[in-house]
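Residue-level structure breakdown
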Amino acid sequence: MRKMLAAVSRVLGVAQKPASRVLVASRNFANDATFEIKKCDLHRLEEGPPVTTVLTREDGLKYYRMMQTVRRMELKADQLYKQKIIRGFCHLCDGQEACCVGLEAGINPTDHLITAYRAHGFTFTRGLSVREILAELTGRRGGCAKGKGGSMHMYAKNFYGGNGIVGAQVPLGAGIALACKYNGKDEVCLTLYGDGAANQGQIFEAYNMAALWKLPCIFICENNRYGMGTSVERAAASTDYYKRGDFIPGLRVDGMDVLCVREATRFAAAYCRSGKGPILMELQTYRYHGHSMSDPGVSYRTREEIQEVRSKSDPIMLLKDRMVNSNLASVEELKEIDVEVRKEIEDAAQFATADPEPPLEELGYHIYSSDPPFEVRGANQWIKFKSIS
Amino acid sequence: MAAVSGLMRRPLEQVSGLLRRRFHRTAPAALQVTVRDAINQGMDEELERDEKVFLLGEEVAQYDGAYKVSRGLWKKYGDKRIIDTPISEMGFAGIAVGAAMAGLRPICEFMTFNFSMQAIDQVINSAAKTYYMSGGLQPVPIVFRGPNGASAGVAAQHSQCFAAWYGHCPGLKVVSPWNSEDAKGLIKSAIRDNNPVVVLENELMYGVPFELPSEAQSKDFLIPIGKAKIERQGTHITVVAHSRPVGHCLEAATVLSKEGIECEVINMRTIRPMDIETIEASVMKTNHLVTVEGGWPQFGVGAEVCARIMEGPAFNFLDA
C-alpha cells in the first residue's frame, strides 16, 4: 500500500496532497494487466510478435503522459503557426502518437533512430524537452538547433533528425546501422519513412545493401494512408508496404495501438540484434492534420473519415480505456495528467514566444566543424560574417 | 624527424616495388611516386592510424579499385574496412553519410564524379548542410573522392568537371590535387578533417610519377586545406590553375620563359575554401592574370577567381 502511494505520488509529481488526491492514493489499483493485441501480418517470418502483452501501471501512466504531451505539443504548434509565431514548414503528427511512443518503448536509449520531417513526436520521445522543440519551431536561440534548423532539423543524442528530403533518411539510417555493426555494440537503428517515401528508389538500394551486409536496421514505414494529398492506392502498385522489402522479412502492425507497436518493436529489435540482418515494419496509422500547416487536409479525404478514426481508433483514447477498464488508473488520475501536461506545454509555448531570435552576428556560425574562425562574405563584399565552429 | 619516420615506416609491399626498403638507415631521398600510389599510401596510412576510417565504393576491394588506386588495401584490411558496394550511388553515398553521422570516418569513392550526380543530394543536403542546420550538433566527417573532369576520349557523359558545382556549396570543402605530394597530403588532411571533403582527383594524372620530397614521406605529412601553392615564382603574369592544368601551365611557363616572360604559376590545391589571398598578392605583384581549368567557363572556377579579384584590393593592380 505504501509502495503504491509512493508510486502514485512519484508519477503525479506533486508534493501536496489535497483531499481528492488522498482519495486517489488510497484506492487500490492493479499493478499490471494483460491485454490482447492484434496479430501482425507476416512476410517471410514463421512467427511474429506475441498476441498478448503485460502492461504495468507505471508504464501505462508513462505512455499516457508521453502521448498526451505529443498531442498537446502538436496542437500548440498548430495554434502558434496560425498566429504566425511559427513560420516555414510545420508537419504535425497528432494521431500518430502511438508510433513514436510505442517505438521508444520497444528499444533502448542507446539504440538509434532517424526519421523524415514529421519529426516533433520523435524528437520528444528521444529525449528533448517540449521547450527546446517549440523554441526551435519558433526559431529562437533556446531551440535545440539554436533556431537554425526549424521543424525539420532537430537532433538529439542517438536521434539523427528530422530530414527534409523525402527518402534520403533511409540510406542514412542504413549507414547508422552499419556503424552499429562496425562498433559491435549490439545496437540497432530504427529507420523511418512514410507511405509516400516508400516508392523512392534509394530505399530499395538501402534494402539491398542492408540485407547483403546484414545490417541491424529496422526499416519502418509509417503508413498514414496519404503521401501529401495522394492516397496509397494512387501512389503504389503494391500497398503491402511490409512486403516491399521483398527478401527482407516484414510485419504489418496496428500503429494506433501503443502496445502493439511496442511488442512489434521488441520483436524486430531482437531479430536484428541476433545478427539476422534487417527487418521491415509497416505501422498502419493516421494523421488528423493535413500534410502540413498549409494543407487543410480535406480536399483529398473526407471529414467523415477523419472523424471516424478519431472516434474509433484514437491512440490516447484506446490506452485510456484499457487502463481505466482494467483498474490500472482512474479517470481522475488521467485527467490530472492532462492538466499537468497542458501546463507544461503552456510554459514551453510562453518561453518559445518570448525567447529572442539568434543574433545576426551568428549567421555564419557552424559552417565547418572543428575549424579555426574565419570570415564569410555576406550579401556584398563589404559585409563579412564571422564563422566559428 | 624525417630520418626517424623513415626508420619506423613499414614496408608497403603490395603498393609499389619502389618502396620495398626495409633496411635503410638514412633519411630517404626524394623518390619517384605516381599520383595513384601517393593516394594509396595516404589512405593506407590513415586506415592504419584510425580504426574508424574505412573505404567503400564500387570495385574498391577485390578489383583493387577501378583505377587501381586502392590496390592492396582489401588484402591488408579485409572486408570490414574495405567494402565493395553494388552499383547504387545514391544508396551507398547515403549509407556513408549515415555512418559518418554515427561517428565513423568513411571514405566514399565514386568511380568518377560523373556518377556522383546520382548521389549529389546526399553530398549536399545530407552531408554539407547538416552541421549548420543542427546548430553545430551533428558533424559529418566524410571524404568523397574519385576521378574528376576529362579523361582520354570517354565522351561527354564521363568528362564533366565538378569543381564549380561542389565549390558552390557552403559546408563542403573541395580539394583538387595536381601532383603526388598534393595527392598524398590532401587525402590525409581530408580524412582527418571533421567536415565533408570532396577530393577531385584526375584519372590522367594517376600514372604520372613525381618526386616525393622527404617531408612528404612522413606518416604525418599533411597539406592544409585552404592554402594554395606557388609552384613557380614569376614577375610578369600570374597563372592560376588546379589539377592537371597546373602541369600544362608549368610547361607553358617554360616556353614563355625563353621569350623573356616569367610566369608565376599558382596551384590552387583547394577550391573551397579558396585561398584568394595568395592569388591577390601575386596579381598585385605581376599586374596580369590568367585562369586555367578543365571545366566549362560559364559559372566556373575561373569565373569565381575573376569575380573575387574584381571585388578585392588586387583589382586596381591589373593592367589591361
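This is a predicted model, so every value here is computed, not measured.

Once that is clear, we can look at the overall build of chain B. Looking only at helices and strands, chain B features eleven helices and 13 strands. Computed over C-alpha atoms, the radius of gyration of chain B comes to 20 Å, within 12% of the 20 Å expected from 2.2 N^0.38 for 320 residues, which places it in the range of a compact globule. The principal-axis extents of the C-alpha atoms in chain B amount to approximately 60 × 50 × 40 Å. Classification of the 320 residues of chain B by burial places 57% in the buried group. Here the analysis covers contacts within chain B between residues at least 6 apart in sequence; of these, 80% occur between residues at least 24 apart. Taken as a whole, chain B presents about 12800 Å² of accessible surface, with 57% of it coming from carbon and sulfur. Charge separation in chain B, taken as the distance between the mean sites of 32 positive and 36 negative side-chain charges, equals 7 Å.

In this complex, chain A contributes 36 residues to the contact, which on the side of chain B involves 47 residues. With both sides pooled, the region where chain A packs onto chain B buries about 3500 Å², and carbon together with sulfur makes up 63% of that total. By the criterion of area lost to chain B, the three top residues of chain A are Tyr155(A), Tyr182(A) and Tyr368(A), representing 22% of everything that side buries. The interface formed by chain A and chain B contains two salt bridges. Ionic pairing is found between Asp371(A) and Lys173(B), a salt bridge with its closest N-O pair at 2.7 Å. Where chain A meets chain B, there are 18 residue pairs in polar contact (both at pLDDT 80 or more). Secondary structure elements with two or more residues in the side of chain A that touches chain B: helix H7 (169-183) and helix H8 (201-212) of chain A. Of the residues in the side of chain A that touches chain B, the class split is 20 nonpolar, eleven polar and five charged.

On the surface, a nonpolar cluster with roughly 270 Å² of combined accessible area is contributed by Met310(B), Phe315(B) and Leu318(B). Mapped onto the secondary structure, Phe315(B) falls in the segment after helix H11 (301-311).

Under the defined criterion, the tally for this structure stands at 13 aromatic pairs over all chains. Taken together, a centroid distance of 5.2 Å and an interplanar angle of 70° make the contact between Trp178(B) and Phe210(B) edge-to-face. Here Trp178(B) is found in the loop between strand S6 (173-175) and helix H8 (180-192), whereas its partner Phe210(B) is found in strand S8 (residues 209-212), with 32 residues between them in sequence. When its relative accessible area of 9% is taken as the criterion, Trp178(B) is described as buried. Overall, the relative accessible area of 16% leaves Phe210(B) in the buried class. Between Arg310(A) and the ring centre of Tyr288(A), over which it is positioned, the NZ or CZ distance is 4.1 Å.

What follows concerns helix H4 (residues 97-106) of chain A. Among the ten residues in H4(A), nine count as buried, and that is most of the element. For H4(A), every residue scored as buried is listed here: Glu97(A), Ala98(A), Cys99(A), Cys100(A), Val101(A), Gly102(A), Leu103(A), Glu104(A) and Gly106(A).

Using the residue numbers shown here, the UniProt feature "domain: Dehydrogenase E1 component" (unreviewed entry) corresponds to residues 66-360 of chain A. Taken end to end, residues 66-360 of chain A comprises 45% helix and 11% strand; its first and last C-alpha atoms sit 36 Å apart.

When the UniProt feature table is mapped onto this chain numbering, "domain: Transketolase-like pyrimidine-binding" (unreviewed entry) sits at residues 33-208 of chain B. End C-alpha to end C-alpha, residues 33-208 of chain B measures 8 Å, and it is 36% helix and 16% strand.

The next subject is the domain arrangement of chain B. All names here are of chain B. Assigned domains of chain B: these are domain 1 (32-217) and domain 2 (229-317). Between domain 1 and domain 2, a total of about 1600 Å² is buried, with carbon and sulfur atoms accounting for 56% of that surface. Across the domain 1-domain 2 interface, the total number found is two salt bridges. Residue Glu181 pairs with Arg269 through a salt bridge whose shortest N-O separation is 3.9 Å. Summed over the shared surface of domain 1 and domain 2, the result is nine residue pairs in polar contact (both at pLDDT 80 or more). In terms of residue count, the dominant contributor to the side of domain 1 that touches domain 2 is helix H7 (residues 163-167) (four residues). Along the lines of polarity and charge, the residues of the side of domain 1 that touches domain 2 split into 14 nonpolar, five polar and three charged.

Residue and element names in this part refer to chain B. Their axes nearest at 8 Å, the elements helix H4 (residues 89-101) and helix H5 (residues 120-128) cross at an angle of 20°. For the element pair H4 / H5, the angle class is roughly parallel. In terms of crossing hand, the pair formed by H4 and H5 is right-handed. Packed against H4, whose contacting residues are Met90, Ala93, Gly94, Val97 and Met101, the element H5 presents Asp121, Gln122, Ser126 and Ala127 at the interface.

Moving on, we come to the sheet that holds strand S4 (residues 105-109) of chain B. All names here are of chain B. Strand order in the open sheet made by the seven strands is S3-S2-S4-S5-S7-S6-S12, with mixed pairing throughout. In the strand order of this sheet, the two ends are held by strand S3 (82-84) and strand S12 (270-272), each with one partner. Neighbour-to-neighbour, the strand axes of this sheet turn through a mean angle of 20°, independent of strand direction. In terms of strand pairing, S4 meets strand S5 (residues 143-147) through three bridges, oriented parallel. Looking at the pairing, Glu109 lines up with Arg145 of S5.

Right, let's talk about the sheet that holds strand S2 (residues 41-43) of chain A for a bit. Residues and elements named next belong to chain A. The six strands lie next to each other as S2-S9-S10-S6-S5-S4, forming an open sheet whose pairing is mixed. Each edge of the open sheet carries a strand with a single partner, namely S2 and strand S4 (112-114). Recorded for the sheet is a direction-independent mean angle of 20° between the axes of neighbouring strands. Pairing between S4 and strand S5 (residues 189-194): three bridges, direction parallel. Bridged to His112 within S5 is Cys189.

Here we take up the side chain of Glu280(B). Residues and elements named next belong to chain B. Relative to the assigned elements, Glu280 resides in helix H10 (residues 276-286). Of the side chains bearing the opposite charge, Arg308 lies closest to the buried Glu280, which forms no salt bridge; the N-O distance is 8.1 Å. Excluding residues within four positions of it along the chain, Glu280 makes contact with Arg308, Ile309, Gly312, Pro313 and Ala314.

About the criteria used
- Residues numbered from 1 in each chain as written.
- Chains lettered and ligands numbered in written order.
- Predicted model: local features only at pLDDT ≥ 70, side-chain atom pairs only at ≥ 80, totals over all residues.
- Heavy atoms only, no water.
- Helix = DSSP H or I, 4+ residues; strand = E, 2+ residues; numbered from the N terminus.
- Rg over C-alpha atoms; globule rule 2.2 N^0.38 Å.
- Buried < 20%, exposed > 50% of the residue type's maximum accessible area, 1.4 Å probe, protein only.
- Contact = heavy atoms within 4.5 Å.
- Areas by Shrake-Rupley, 256 points an atom, 1.4 Å probe, with all protein chains shown as cover.
- Lys, Arg positive; Asp, Glu negative; His and termini not counted.
- Charge placed at Lys NZ, Arg CZ, Asp CG, Glu CD.
- Buried area = accessible area lost by both parts, 1.4 Å probe.
- Salt bridge = Lys/Arg side-chain N within 4 Å of Asp/Glu carboxyl O.
- Polar contact = N/O pair within 3.5 Å; in protein donor to acceptor, adjacent residues only side chain to side chain.
- Nonpolar A, V, L, I, M, F, W, Y, C, P; charged D, E, K, R; others polar.
- Patch = residues over 30% accessible without salt bridge, like charges linked within 9 Å, V, L, I, M, F, W, Y side chains within 5 Å.
- Phe/Tyr/Trp six-rings, centres within 6.5 Å; stacked < 30°, edge-to-face > 60°.
- Lys NZ or Arg CZ within 6 Å of the ring centre and 35° of its normal.
- UniProt positions renumbered as here; feature names shortened; annotations may be inferred.
- Domains from an automatic or database assignment.
- Axes fitted to C-alpha atoms, helices over the stretch in contact; angles between N-to-C directions.
- Parallel < 35°, antiparallel > 145°, perpendicular 65-115°, else oblique.
- Left-handed = near helix turned anticlockwise from the far one by under 90°.
- Pairing = 2+ DSSP bridges.

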